[in-house]
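Fold and contact review
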Amino acid sequence: MTPPDLSAWAAGSADTPFVHERAGGSPGPQVLVTALVHGNEISGAIAAGELLASGWRPVSGRVTVAFCNTEAFSRFDAQVPDASRFVDEDMNRVWSPDRLDGGGTSVELARARALRPFVDRCTHLLDLHSMHEPCAPLLITGTLPRNIAFAHGLRSAGRIVIDRGHADGTRMRDYEGGPAGGGRIALLLEAGQHLAPGAAVVARDTLARFLVAAGSCAVDGVPQGWLQPAAPAAAPVVVTHQVVARGMDFRFLGCFSGGEVIARAGTAIAMNCGEPVLTPYDDCVLVMPSLRQLRAGVTTVRLGHAAQMD
Ligand SMILES: [Zn+2]
């Protein structure tokens, strides 16, 4: 995939660059679709840009599309795609009141502060991402039952991952500020590998399903060709552990791409600076194994187990 040309969206319709609003004819959900929170994750920007370019409008409520870290995206180089993930810091770790209201300065904090009013007011947030490795798609819900139930109803290709976020900062999905914060539906899609064409297919399908489920439009009102066959219902994965590299001497003891189920508790799956990483229970599921960003303190894989849905 080649990165999309977003120049048509630079002048934002809401007086904020790269933010565009589409209003329907009746009151309804306030949907926010975010892409490029990480500047190298282009599948979400492709889907969001196509939605705007198609002239699509919601029947009810308002849909706002925001291309987030456009400064990092503007430096995208297909030869070193990981280099444009961010400029100063990870934009998906700054969404806590102490960071947003604090005195810190960075390209990402400035942009997050500009985008914050749009997040504050939205009743439904879909944050579009992709992954370093060729992993199957994931739909990350956090731990609130309303988000898990909403994600379960979508039947998108993304396997539901229930997690508590990151120790090293708050994601946009985990931000609960603003008047709509207490009841907001907020999901994060990991659509597949960053540059895989399939990631754009998953991003379009999930976005279409999200708009229908939110009540923005009917199922026949989404852009033509976006909906894929409904995915079979799979048990969500509850993340219980994050494996953090102690240093650069970290390696997996298998060729893992995510979704593997390790049958026996106590199975070594990696070596972390000389120490084996053991599965904590039977039927342990590996979530997003990756060594791309390897350094001390980085999460290399999450461990979880299948959950029962009511
Ligand atoms: Zn991302």
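Let us look at the structure shown here. On a predicted model such as this, the values are computed, not experimentally measured, just so you know.

1. Overview of the pairing of strand β14 (residues 299–306)
Taken across its eight residues, β14 has six buried, putting it largely inside the fold. Where strand β13 (residues 284–287) lies against β14, three bridges are found, and the strand directions are antiparallel. Within β14, the residue paired with Val 285 across the bridge is Gly 304.

2. Concerning the coordination of the zinc ion
The protein atoms donating to the zinc ion are His 38 (ND1), Glu 41 (OE), Glu 41 (OE) and His 129 (ND1), with metal-donor distances spanning 2.0 to 2.4 Å. Given four donor atoms and angles of 57 to 145° at the metal, the environment of the zinc ion is assigned as irregular. Written as a sequence motif, the donor residues of the zinc ion are H-x2-E-x87-H. Note that His 38 is positioned in the loop between β2 (26–35) and α1 (42–53) and His 129 in strand β4 (residues 124–131), a separation of 91 residues in sequence.

3. What to know about the packing of aromatic side chains
One pass over the full model with this rule turns up four aromatic pairs. Pairing Trp 95 with Tyr 175 gives two aromatic rings, centres 5.7 Å apart and planes at 65°, and the pair type is edge-to-face. With Trp 95 in the loop between α2 (70–73) and α3 (97–101) and Tyr 175 in the loop between β6 (159–162) and β7 (185–193), the pair connects residues that are 80 residues apart, well separated along the chain. Side by side, Trp 95 and Tyr 175 carry an identical accessibility label, which is buried. With 5.4 Å between their ring centres and 80° between their planes, Phe 250 and Phe 252 make a pair best called edge-to-face. Overall, the relative accessible area of 4% leaves Phe 250 in the buried class. Take Phe 252: its relative accessible area is 17%, and that puts it in the buried class. Clustering of aromatic rings is evident, with ring pairs tying together Phe 250, Phe 252 and Phe 256.

4. Some thoughts on the sheet that holds strand β11 (residues 268–272)
Spatially, β9-β11-β12 is the arrangement adopted by the three strands of the open sheet, whose pairing is antiparallel. Two strands close off the open sheet at either side, each with one partner strand: β9 (250–252) and β12 (275–278). On average, adjacent strands in this sheet sit at an angle of 25° to one another, irrespective of strand direction. Both β9 and β11 contribute to a ladder of three bridges, which runs antiparallel. For Arg 251, the partnering residue across the bridge sits in β11 and is Met 271.

Calculation rules
Residues numbered from 1 in each chain as written. Predicted model: local features only at pLDDT ≥ 70, side-chain atom pairs only at ≥ 80, totals over all residues. Heavy atoms only, no water. Buried < 20%, exposed > 50% of the residue type's maximum accessible area, 1.4 Å probe, protein only. Helix = DSSP H or I, 4+ residues; strand = E, 2+ residues; numbered from the N terminus. Pairing = 2+ DSSP bridges. Donors = N, O, S within 2.8 Å, 3.2 Å for Na, K, Ca; no water. Tetrahedral: all angles 85-135°; square planar, octahedral: opposite > 155°, others 65-115°. Phe/Tyr/Trp six-rings, centres within 6.5 Å; stacked < 30°, edge-to-face > 60°. Axes fitted to C-alpha atoms, helices over the stretch in contact; angles between N-to-C directions.

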